[in-house]
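Listed below are the residues making up each chain.
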Amino acid sequence: MIEEKIIDFLKKKDDYLSGDQLSHTLGISRQALWKHIQELKNSGYDIVAVPHLGYKLVSSPDRLFPFEVTDHLNTKFTGKKIFYFDAVSSTMNEALSLAIEGAPEGALVLTETQLKGRGRLGRIWFSPKHKGIYLSLILRPKVLPNQASLLTLLTAVSICEAVKVSQGIDIQIKWPNDLFYHNKKLGGILTELSAEVDKIKFVVIGLGLNVNNDKKSLISGATSLREIKKEQVSRIELLQEVLRKIESNYIIFQEKGPKQIVEKWRELNLTLGRRVKVYAQQEHIEGEAVNIDIDGGLLVRRDSGVIEKIMAGDVVHCR
């Protein structure tokens, strides 16, 4: 795409780049170049034009354009194919359709806002435009279907690590799929799959993360990285780190099994050691969350001493 090439050239030049040089390199007329520059300005790029000097890129918008995401991403397969939408009903629905059609492992669906974003159990995920990271990632793991839930834990661990590296903030995981900072929800993960008895066809991992939400665009009990840091956060840089961490942990999981991922999760969790109520399949289980199993199941010790293993459900922290 011509506009991507223009941005690439301007980013590599600290000073002005002449219009003649740009148009000649791109093989287009000066008039066509000017039109492309206007389109980039309309997309939010601050480009200064000075007669006899040329064009200079002053700043880039905080938009999740694919060519911005892939710039210096340096992953092996994650994010190599990106389907980007300014607005979409749900990234999960798009990714599930693409996975069925044969989209490759690592293919990513990104959007600036979801019109009908969804979380677990059909809940709505509020997705204010240009504020958060809303994505769905297609994976094709070579593991048994009963290990699919570990990918939720793996993603949660990866996001915690990415936020720590890029923002210097320690966040925690509430089993099985919620991300918290000081008892306020920062994000959530949704995992859906297609599988046969002994084989996973594909897994789609959805992520909703509050990044630059202000108080007005946050629901009760939620927070954002902007509220925590009291400053604007680069969604591009954070997203890139999230994708790198997911890929590196996924490779570890595929090559060495779940042990290392489960150990990381235990260190980052805020559920173990607490009294919990779990609502699972119309059943109510109450007791102490004592551990998670090697396949990601939550182990809850009832007051009777009996330990129940829960693979899915809503957890309420009692204390």
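Small disclaimer: the values here were computed from a predicted structure and weren't measured. (Residues numbered from 1 in each chain as written. Predicted model: local features only at pLDDT ≥ 70, side-chain atom pairs only at ≥ 80, totals over all residues. Heavy atoms only, no water.)

Engineer: What exactly am I supposed to notice about the packing of aromatic side chains here?
Structural biologist: Each aromatic ring pair is described using two quantities: the centre-to-centre distance and the angle formed by the ring planes. Overall, the coordinates contain 5 aromatic pairs when judged by the stated rule. Ring geometry for Y45 against F67: centres 6.4 Å apart, planes inclined by 20°, an arrangement best described as stacked. Residue Y45 is located in the loop between helix 3 (30-42) and strand 1 (46-50), and its partner F67 is located in helix 4 (residues 66-69); the two are separated by 22 residues in the primary sequence. Pairing F77 with Y250 gives two aromatic rings, centres 6.1 Å apart and planes at 65°, and the pair type is edge-to-face. Of this pair, F77 sits in the loop between helix 4 and strand 3 (82-85) while Y250 sits in helix 8 (residues 235-256); the two residues are 173 residues apart in sequence, bridging distant segments of the chain. Feature note: the residues Y45, F65, F67 and Y84 constitute an aromatic cluster, connected by ring pairs. (Phe/Tyr/Trp six-rings, centres within 6.5 Å; stacked < 30°, edge-to-face > 60°. Helix = DSSP H or I, 4+ residues; strand = E, 2+ residues; numbered from the N terminus.)

Engineer: Is there a simple way to explain the environment of I285 in this structure?
Structural biologist: Relative to the elements of secondary structure, I285 occurs in strand 11 (residues 283-292). You can call I285 buried: its relative accessible area is 3%. Each C-alpha atom, one on I285 and one on E308, is 8.3 Å from the other, the two residues being 23 residues apart in sequence. When neighbours within four sequence positions are excluded, I285 is seen to be in contact with V276, K277, V278, V300, R302, E308 and I310. (Buried < 20%, exposed > 50% of the residue type's maximum accessible area, 1.4 Å probe, protein only. Contact = heavy atoms within 4.5 Å.)

Engineer: How do you make sense of the nonpolar core when you look at a structure like this?
Structural biologist: The tendency in soluble globular proteins is for nonpolar side chains to be buried as a group. Core analysis: the biggest nonpolar cluster contains 59 residues, and I159, L179, L207, L209, L225 and V278 have the highest contact counts within it. A per-element tally of this core places helix 6 (residues 150-167) first, with 10 residues. If near-sequence neighbours (up to four positions away) are discounted, L225 is found in contact with V163, Q167, I169, L186, N210, V211, K230, V233 and L238. Core analysis: the second largest hydrophobic core is formed by 14 residues, I7, L22, L26 and Y45 among them. (Core = buried A, V, L, I, M, F, W, Y, C linked by side-chain atoms within 4.5 Å.)

Engineer: I keep staring at unusual backbone geometry and nothing clicks. Help me out?
Structural biologist: For residues other than glycine, phi is negative in most cases, and the peptide bonds are mostly trans. The linkage connecting W175 with the following residue, P176, adopts the cis geometry, with an omega of 0°. Its location among the elements puts P176 in the loop between strand 6 (172-174) and strand 7 (178-181). The backbone phi angle of H182 is positive, close to 50°, even though this residue is not glycine. Inspection of the secondary structure assignment puts H182 in the loop between strand 7 and strand 8 (184-195). Residue N183 is not a glycine yet carries a positive backbone phi of 65°. If you trace the backbone, N183 turns up in the loop between strand 7 and strand 8.

Engineer: Which parts of the structure should I look at to understand the pairing of strand 9 (residues 200-209)?
Structural biologist: Two faces belong to every sheet, and in a regular strand the side chains alternate between them. With 9 of 10 residues buried, strand 9 lies mostly within the body of the structure. Bridge analysis of strand 5 (residues 133-139) against strand 9 gives 7 bridges, and the strand direction is antiparallel. When the sheet's bridge partners are listed, I133 is paired in strand 9 with L209. Sheet analysis places strand 8 next to strand 9, joined by 9 bridges and oriented antiparallel. Residue pairing in the sheet places E192 in a bridge with V204 of strand 9. (Pairing = 2+ DSSP bridges.)

Engineer: Help me out: how do you make sense of the sheet that holds strand 4 (residues 108-111) in this one?
Structural biologist: Strand pairing in a sheet is mediated by backbone hydrogen bonds. Such pairs are either parallel or antiparallel. Read from one edge to the other, the open sheet built from 7 strands follows the order 3-4-5-9-8-7-6, with strand pairing classed as mixed. Two strands in the sheet have a free side with no partner beyond their single neighbour: strand 3 and strand 6. Geometrically, the sheet is characterised by an average inter-axis angle of 20° between neighbouring strands, direction not taken into account. The strands touched by helix 8 within the sheet are strand 4, strand 5 and strand 9, with strand 5 carrying the most contacts at an inclination of about 25°. (Axes fitted to C-alpha atoms, helices over the stretch in contact; angles between N-to-C directions.)

Engineer: Is there a simple way to think about helix 9 (residues 259-268) in this case?
Structural biologist: Three or four residues apart is the spacing at which side chains of an α-helix point the same way, because the helix has 3.6 residues per turn. Restricting attention to buried positions, one finds in helix 9 the residues I261, V262, K264 and W265. The arc that holds every buried residue of helix 9, seen down its axis, measures 160°, which confines them to one face. Residues of helix 9 that are exposed and point over 90 degrees away from its buried face: K259 and E267. Residues of helix 9 that are buried in the fold lie against helix 6, strand 6, helix 8 and strand 11. (Arc of directions from axis to C-beta.)

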